[in-house]
Amino acid sequence: MDMLRDMNQALAYIEAHLDEELDDDKIALLAGTSTYHFRRLFSYLSGMSLNTYVRNRRLSEASLELQHESVRVIDVAIKYGYHSADGFTRAFKEWCGMNPSEVKSSSQLKLFPRMTFQLTVKGGVDMNYRIEHKEAFKLVGVKKRVPIMFEGENPEIVKLMQSITAEQRMKLQSYRNTGVSTVVNASYHFEEGRHEEKGELDHLIGSITTLDMDFDGFEVVEVPACTWAVFSSEGPFPKTMQDTWAKIASEWLPSSRYELIDVPEISFTGDMSNLQQVYSEIWIGVRHKHASSAT
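Residues numbered from 1 in each chain as written. Predicted model: local features only at pLDDT ≥ 70, side-chain atom pairs only at ≥ 80, totals over all residues. Heavy atoms only, no water.

**Quick word on the overall build of the protein**
Okay, so step 1: A tally of regular secondary structure across the protein gives 9 helices and 9 strands.
Okay, so step 2: If you line up the protein on its principal axes, its C-alpha atoms span 70 × 40 × 40 Å.
Okay, so step 3: Of all 295 residues assigned to the protein, the portion counted as buried reaches 44%.
Okay, so step 4: Carbon together with sulfur atoms contributes 49% to the accessible area of the protein, which is approximately 15600 Å² in total.
Okay, so step 5: Taking the 32 positively charged and 42 negatively charged side chains of the protein as two groups, their mean positions are separated by 2 Å. (Helix = DSSP H or I, 4+ residues; strand = E, 2+ residues; numbered from the N terminus. Buried < 20%, exposed > 50% of the residue type's maximum accessible area, 1.4 Å probe, protein only. Areas by Shrake-Rupley, 256 points an atom, 1.4 Å probe, with all protein chains shown as cover. Lys, Arg positive; Asp, Glu negative; His and termini not counted. Charge placed at Lys NZ, Arg CZ, Asp CG, Glu CD.)

As structure tokens, this is what we get:
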């Protein structure tokens, strides 16, 4: 597959330049996509951020070099991008649990192998989606910085939902003037460790609207006109929606002709009276790969 070839070309470039400053534009060019999409897709496929992968590979290579008698810690630190022995020592100890100076005498060493992407047969289950262009709109609601969670209900999001007053709910409902007439959830401003289930994100609960008015103290996120991949599913909540997220990341994105763009990820549900049969939609902003440039 061309996608796998391109991703592995980008990884080969990273591997060949671990002791240099990496060129994001070059990586994206080799991957045949934008820098933003490559970083997000890498995280989806590997379960770690690109920064974490590069840091671990550099520390792993440094560990191998430190086993040689003639090598000085400061020389290895500088080679792999650290400006001081102290900074290198802190990072190295956090990674493997020992100081760089202890490597030569230790019998318990750590290695972080080079990664490659390979095709595995997955899926076999239909994914219902459509591609839609939508004009610019606003997300209006209440927002909170919450920890990233992959399974079950996020207790901080539950608290956010419970904090919305009846008066606020009525106001938010009055703003809805599009085809989406229900409460929406939107996530954005993700921290780097998202796909390791680390860090935080901004989560908004509210409405989609195109009104131009004073929204009375609510958080307002301007979403530009763009193309969306809209995934629909129906089943037990929240498991079915979470399974759909996982399939988007591991199956749809790597095999589709689209790449992610930097807009909020939006989801909403239908009738919640029967939690074993809940309809849901997930929107992710995309563009055709041929329409982007490697930036």
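**Focus: the packing of helix 1 (residues 2-16) against helix 4 (residues 50-65)**
How two helices sit against one another is set out by the angle between their axes and by the gap between those axes.
Okay, so step 1: Relative orientation of the contacting elements helix 1 and helix 4 amounts to 40°, with a least axis distance of 11 Å. Compared by their axis directions, helix 1 and helix 4 come out oblique. Two packed elements cross with a definite hand, and for helix 1 against helix 4 that hand is right-handed. Between helix 1 and helix 4, the residues in contact are L11, I14 and E15 and L50, Y53, V54 and R57, respectively.
Okay, so step 2: Here the contact of helix 1 with helix 4 is composed, by residue class, of 5 nonpolar, no polar and 2 charged. (Axes fitted to C-alpha atoms, helices over the stretch in contact; angles between N-to-C directions. Parallel < 35°, antiparallel > 145°, perpendicular 65-115°, else oblique. Left-handed = near helix turned anticlockwise from the far one by under 90°. Contact = heavy atoms within 4.5 Å. Nonpolar A, V, L, I, M, F, W, Y, C, P; charged D, E, K, R; others polar.)

**As for the nonpolar core**
Okay, so step 1: With 48 residues, the main nonpolar core has I14, F42, F88, F92 and I284 as its most contacted residues.
Okay, so step 2: Looking at this core, the element that brings in the most residues is helix 1, giving 7 residues.
Okay, so step 3: By size, the runner-up hydrophobic cluster in this structure holds 18 residues, among which are V180, L204, I208 and I261. (Core = buried A, V, L, I, M, F, W, Y, C linked by side-chain atoms within 4.5 Å.)

**A closer look at the side chain of E15**
Okay, so step 1: Inspection of the secondary structure assignment puts E15 in helix 1.
Okay, so step 2: A polar side-chain atom of E15 sits 2.2 Å from a polar atom in the side chain of R57.
Okay, so step 3: Beyond its immediate sequence surroundings of up to four residues, E15 is in contact with Y53, R57 and R114. (Polar contact = N/O pair within 3.5 Å; in protein donor to acceptor, adjacent residues only side chain to side chain.)

**Some points on the pattern of salt bridges**
Okay, so step 1: A full pass over the atoms with the stated rule returns 20 salt bridges.
Okay, so step 2: Between D202 and R145 there is a salt bridge, with its nearest N and O atoms 3.1 Å apart. Separated by 57 residues along the polypeptide, D202 in strand 4 (residues 200-209) and R145 in strand 2 (residues 137-147) bring together distant segments of the chain.
Okay, so step 3: For R145, a relative accessible area of 32% puts it in the partly exposed group.
Okay, so step 4: Overlapping salt bridges, with partners in common, bring together K143, R145, E200, D202 and E219 in one network. (Salt bridge = Lys/Arg side-chain N within 4 Å of Asp/Glu carboxyl O.)

**Quick notes on the pairing of strand 8 (residues 265-269)**
Within a regular strand, side chains alternate between the sheet's two faces.
Okay, so step 1: With 5 of 5 residues buried, strand 8 lies mostly within the body of the structure.
Okay, so step 2: Going residue by residue along strand 8, you find E265, S267 and T269 tucked away on one face and I266 and F268 tucked away on the opposite face as well.
Okay, so step 3: Bridge count between strand 3 (residues 184-188) and strand 8: 3 bridges; the pairing is antiparallel. Its bridge partner being in strand 8, A186 is matched across the sheet by I266.
Okay, so step 4: Bridge count between strand 8 and strand 9 (residues 278-288): 4 bridges; the pairing is antiparallel. Paired with F268 across the bridge in strand 9 is E281. (Pairing = 2+ DSSP bridges.)

By themselves, these figures tell us nothing about what the structure is for.
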